[in-house]
Amino acid sequence: MNTRAAVIAISAAMVCTSALGAEVLHDNLCITEQGLYDRYPFNICGGDAYFGHPENWQLADRFEIDESYWITTATVDYITVFGVAPESVCARFFEGRPPEYCTQPYARAHCGETMLAGSFDWDPIEGDFGEFEGRRATVRFREMCRLTEGKWYLSMQPVTGQDVAATLAADFDDDHPCLHQGCMVWRWGVVEGSCCMDDSDPEWDATDPEPDTLSMRIEGIPAGDCVDGEIVTARCRPGDNERPGKIIVKVRDGQPNGTVTALLDPPDPKSMSIPLDDRGHGKEKFKDVPLGEHRVFVCDAIVDVTCAP
């Protein structure tokens, strides 16, 4: 092999096995960190201890992505009366209606996850909240949401009867350098209904003409050139004597000459790029995989894999 060919081969191998870190796709946490909040809209399913009866207020805010991403982490800031960790958090993503900037998302969630207490962070935050307690909820998704290019809305609604939560918000100011433009929307659910609303619930209302924006951050990993028709298989090749093994991932019927991302075992996934040939086929492997049950995510495919001796 000549020198040029060797360089090309080494470069291709590095691309095949490269890990993709999470990117910050949207970040308005400066609303909290720089004290820009001047709105406290309720965002709660329950709240009996404060209201004397259950309420069901749900907020969402807009963000935009310019390519397909796996959403790995979502963070939202709240003020609460007591600071008690909620029983659960309903984290949902809703597709925005094109083409206008600030329009209501569809009523039914595109994807999401309900996180029980202990599976998300609920950390104190500093600020001028008067008699209230500031809390930052951070969710790391186990059921990965893949969102395509466009406008999306995140809703993270705490569920608790022991406390009440309101999300920190601000008037959007085009001149403030730290703010990303948002579009807060809200809806009030049926009290007798379940939390984590579904398509039977009312349409969203926007806060026109000057929408608020919420203190939140979205992080994700690029999903690659998905065409939604990929055929994905994965198998484990265990190591000897209970040593870590390998999971070989194969992709067929993908985008010719494209690249897709494979994730292994969220909520803190390993990731790798899989280049596809001119037929849309590709293969790569996760190394140092321990024995046990594993999950592989590629585009719209989810494959369960068992590594056993």
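This is a predicted model, so every value here is computed, not measured. (Residues numbered from 1 in each chain as written. Predicted model: local features only at pLDDT ≥ 70, side-chain atom pairs only at ≥ 80, totals over all residues. Heavy atoms only, no water.)

Caption draft 1: Region of interest: the sheet that holds strand β22 (residues 301-307). Read across the open sheet, the 4 strands follow the order β19-β18-β21-β22; overall the sheet is antiparallel. In the strand order of this sheet, the two ends are held by β19 (270-275) and β22, each with one partner. If you compare each strand with its neighbour and ignore which way they point, the axes differ by 25° on average. Relative to β19, strand β18 (residues 259-264) is paired through 6 bridges, and the arrangement is antiparallel. Directly across from Leu263, in β19, lies its bridge partner Ser271. (Pairing = 2+ DSSP bridges. Helix = DSSP H or I, 4+ residues; strand = E, 2+ residues; numbered from the N terminus. Axes fitted to C-alpha atoms, helices over the stretch in contact; angles between N-to-C directions.)

Caption draft 2: Just the pattern of salt bridges, in detail. Counting across every chain of the model gives 17 salt bridges. Residues Arg146 and Asp300 are paired through a salt bridge, measuring 3.0 Å at the closest nitrogen-oxygen approach. Placement of the pair is Arg146 in strand β8 (residues 133-147) and Asp300 in the loop between β21 (292-298) and β22, with a sequence separation of 154 residues. Taking the relative accessible area as the measure of exposure, Arg146 reaches 10% and is therefore buried. (Salt bridge = Lys/Arg side-chain N within 4 Å of Asp/Glu carboxyl O. Buried < 20%, exposed > 50% of the residue type's maximum accessible area, 1.4 Å probe, protein only.)

Caption draft 3: Seen up close, the environment of Val232. For Val232, the location among the structural elements is in strand β16 (residues 231-237). The spacing of Val232 and Val249 is 17 residues in sequence and 7.2 Å in space, taken between C-alpha atoms. Once you skip the residues sitting within four places of it in the chain, Val232 turns out to touch Val249, Lys250, Val251, Val298, Ala301 and Val303. (Contact = heavy atoms within 4.5 Å.)

Caption draft 4: Structural view of the state of the cysteines. Counted according to the given criterion, the structure contains 6 disulfides. A sulfur-sulfur separation of 1.9 Å characterises the disulfide bridge that pairs Cys45 with Cys195. Across the S-S bond of Cys45 and Cys195 the torsion is about -75°, and the bridge reads as left-handed. Of this pair, Cys45 sits in strand β2 (residues 44-46) while Cys195 is found in the loop between β12 (185-188) and β13 (205-206), placing the two residues 150 residues apart along the sequence. (Disulfide = S-S within 2.5 Å.)

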